[in-house]
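Each chain, letter by letter, is given below.
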Amino acid sequence: MEPSDRHGVLFARLVLMLHAAAMQHLGKVKNPVTDKVERDLAAAQGMIDTLEMLERRTKGNLTPDEGRMLSQVLQELRLNYVDEAAKPDPPPGPGGAPSS
């Protein structure tokens, strides 16, 4: 594999890893460790902020496909964040902790 191809694969892997973490924090997918749906909007915003920084810092240095992927991931996460932020906080679970 050419170094540029390898870097493209690594870039896609990084973006998709951050996307998966954000979706987990948004409560859209289960946490694989706890096997529960958990929502942490501050952590989700951190993942979105990280991807936005990555987009700004790599501007002009991505292939069209890489740029499109990053843009689409950010759009999806932003829409899901707005959707989740509009929902009320989940009621506390046992012991006063937020339920997941």
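Right, let's walk through the structure included here. (Residues numbered from 1 in each chain as written. Predicted model: local features only at pLDDT ≥ 70, side-chain atom pairs only at ≥ 80, totals over all residues. Heavy atoms only, no water.)

## Quick notes on the packing of helix α1 (residues 3-25) against helix α3 (residues 64-85)
Describing two packed helices takes the angle between their axes plus the distance from one axis to the other.
Then comes step 1: At a minimum axis distance of 11 Å, the contact between α1 and α3 shows a crossing angle of 5°. When the interaxial angle is binned, α1 and α3 end up roughly parallel. The residues of α3 that touch α1, namely those facing G8, F11, A12, V15, H19, A22 and M23, are E66, M69, L70, V73, E76, L77 and N80.
Then comes step 2: A class-by-class count of the residues in the contact of α1 with α3 yields nine nonpolar, three polar and two charged. (Axes fitted to C-alpha atoms, helices over the stretch in contact; angles between N-to-C directions. Helix = DSSP H or I, 4+ residues; strand = E, 2+ residues; numbered from the N terminus. Parallel < 35°, antiparallel > 145°, perpendicular 65-115°, else oblique. Contact = heavy atoms within 4.5 Å. Nonpolar A, V, L, I, M, F, W, Y, C, P; charged D, E, K, R; others polar.)

## Looking at the pattern of salt bridges
Then comes step 1: Counting across every chain of the model gives nine salt bridges.
Then comes step 2: The shortest N-O distance in the salt bridge between D83 and K87 comes to 3.8 Å.
Then comes step 3: You can call K87 partly exposed: its relative accessible area is 38%.
Then comes step 4: Taken together, the shared-partner salt bridges in this structure form one network comprising K28, R39, D83, E84, K87 and D89. (Salt bridge = Lys/Arg side-chain N within 4 Å of Asp/Glu carboxyl O. Buried < 20%, exposed > 50% of the residue type's maximum accessible area, 1.4 Å probe, protein only.)

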